[in-house]
Amino acid sequence: MGYEGGLAVRQKVATGVLTASDDLAEVTIQPHNEMAYSEIFPHKLFFYCDIAPQPGCGGESGLTHVRDIRARLDPKVMEKFKKLGVKYHCYLPSKENSLYKSWQETFFTDDKSDVEKFMKKADYEYQWQEDGALSYAHVIPVFHKHPKTGEEVWFTHVTRHHGTNLSEHPKYANDPDRPFLRYPYHTMYGDGTEIEPEVIQHIRDAIWQSTVGFQMQKTDVLVFDNVYVQHSRLGFKGQRKLLAAMTSD
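As the structure is a prediction and not an experimental result, all values here were calculated from the model.

## Points about the packing of aromatic side chains
All told, the structure shown has 14 aromatic pairs when counted by the stated rule. Ring centres of Phe180 and Tyr183 lie 6.4 Å apart, and the angle between their planes is 45 degrees; on these two criteria the pair is classed as tilted. With relative accessibility at 29%, the residue Phe180 sits in the partly exposed group. Pairwise contacts between aromatic rings join Phe81, Phe143, Trp154 and Tyr189 into one cluster.

So this is what it looks like as structure tokens:
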């Protein structure tokens, strides 16, 4: 499965193989279902540990079952999201102006017409900015039925892609007043209103309280159901390298 439109910082290594993340080592990657911000997402993920971090240097991997998250969420919070959905807004600068992720890196092309074909096929609202940046938005549900079991599960990037996830990022340390809609990604309720800070914190608390951490060792292979299980990474020092692949079945 390809990664066009994917918003993680990663590089292609071979056909169907990517680096798991090239984000800064000190950054903790919050638990998330891969590409839950898109109508097209992988059902199965594969991670291979190429370089394991040294003992005591962090870099633990985390897994979180979405059933455990749902059990901890306030029913009123879930009901509001079920009613409104979540709006994903992206603002991707051109590569010469990018601090985090450019539209060229996101869509693996320098041709705007390729991007526009993607936008039209996905039925996204999009606009090219005067400085060459691309902005686009779409609304999707926060619940998704598992393709095999039919179970309705919490499947969303509502916290992982909220602007507060990047407002504390080291790359934006010198721009504390940047509006949320000028980060590469931001989430809102489906009607375009901002999600209350206490709701974002409540969801993050439920997720982290449901997460189990462990350290992958060199040559370990991790395979899991992306719809049922979220994954994450703690910040680390030194070296750590995982490779990733994904399938739609």
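## Overview of the sheet that holds strand β8 (residues 134-140)
For sheets, the rule is that strands pair by backbone hydrogen bonds, running either parallel or antiparallel. In space, the four strands of this open sheet follow the order β7-β8-β6-β11, with antiparallel pairing throughout. Each having just a single partner strand, β7 (125-128) and β11 (185-189) make up the two edges of the open sheet. The average undirected angle you get between the axes of adjacent strands in this sheet is 15 degrees. Looking at chain direction, strand β6 (residues 86-92) and β11 are connected through five bridges and run antiparallel. Note on β11: the bridge partner recorded for Tyr88 is Thr187.

## What to know about the side chain of His169
Here His169 shows up in the loop between α5 (164-167) and β11. The class of His169 is buried, set by a relative accessible area of 4%. If near-sequence neighbours (up to four positions away) are discounted, His169 is found in contact with Asp23, Leu24, Val27 and Tyr100.

## Here we look at the sheet that holds strand β4 (residues 44-51)
With antiparallel pairing, the five strands of this open sheet are ordered in space as β1-β2-β15-β4-β13. Edge strands, defined here as strands with exactly one partner in the open sheet, are β1 (12-14) and β13 (221-225). In this sheet, neighbouring strand axes are inclined to one another by 30 degrees on average, regardless of whether the strands run parallel or antiparallel. For β4 and strand β15 (residues 241-247), the ladder comprises seven bridges, and the chain directions are antiparallel.

## A look at the environment of Gly56
Its location among the elements puts Gly56 in the loop between β4 and β5 (61-65). A relative accessible area of 85% places Gly56 in the exposed class. Along the primary structure Gly56 and Lys237 are separated by 181 residues, whereas in three dimensions their C-alpha atoms are 8.9 Å apart.

## Remarks on the pattern of salt bridges
The final tally for this structure, using the stated rule, is eight salt bridges. The shortest N-O distance in the salt bridge between Arg178 and Asp175 comes to 2.8 Å. Residue class for Asp175 comes out partly exposed when judged on its relative accessible area of 28%. Taken together, the salt bridges that share partners define one network made up of Arg70, Lys82 and Glu152.

## Considering the pairing of β4
Where β4 lies against β13, five bridges are found, and the strand directions are antiparallel. Residue Lys44 lies in a different strand from β13, and its bridge partner there is Asp225.

## What about helix α6 (residues 197-209)?
Taking 1.5 Å per residue, 13 residues should reach 18 Å; α6 reaches 18 Å between its end C-alpha atoms and fits that length. All of the buried residues in α6 are Val199, Ile200, Ile203, Arg204, Ala206 and Ile207. All buried residues of α6 fall inside an arc of 160 degrees around its axis, so they share one side. Summarising the geometry of α6, the exposed residues directed more than 90 degrees from the buried face are Pro197, Glu198 and Gln209.

## Let's talk about the pairing of β5
Here four bridges tie β5 to strand β12 (residues 211-214), and the two strands are oriented antiparallel to one another. Bridging from a neighbouring strand, Gly62 pairs with Gly213 of β12. Across five bridges, β5 lies against strand β14 (residues 229-233) in antiparallel orientation. Along β14, the bridge assignment pairs Gly62 with Ser232.

Definitions and cut-offs
Residues numbered from 1 in each chain as written. Predicted model: local features only at pLDDT ≥ 70, side-chain atom pairs only at ≥ 80, totals over all residues. Heavy atoms only, no water. Phe/Tyr/Trp six-rings, centres within 6.5 Å; stacked < 30°, edge-to-face > 60°. Buried < 20%, exposed > 50% of the residue type's maximum accessible area, 1.4 Å probe, protein only. Pairing = 2+ DSSP bridges. Helix = DSSP H or I, 4+ residues; strand = E, 2+ residues; numbered from the N terminus. Axes fitted to C-alpha atoms, helices over the stretch in contact; angles between N-to-C directions. Contact = heavy atoms within 4.5 Å. Salt bridge = Lys/Arg side-chain N within 4 Å of Asp/Glu carboxyl O. Expected span 1.5 Å × (residues − 1). Arc of directions from axis to C-beta.

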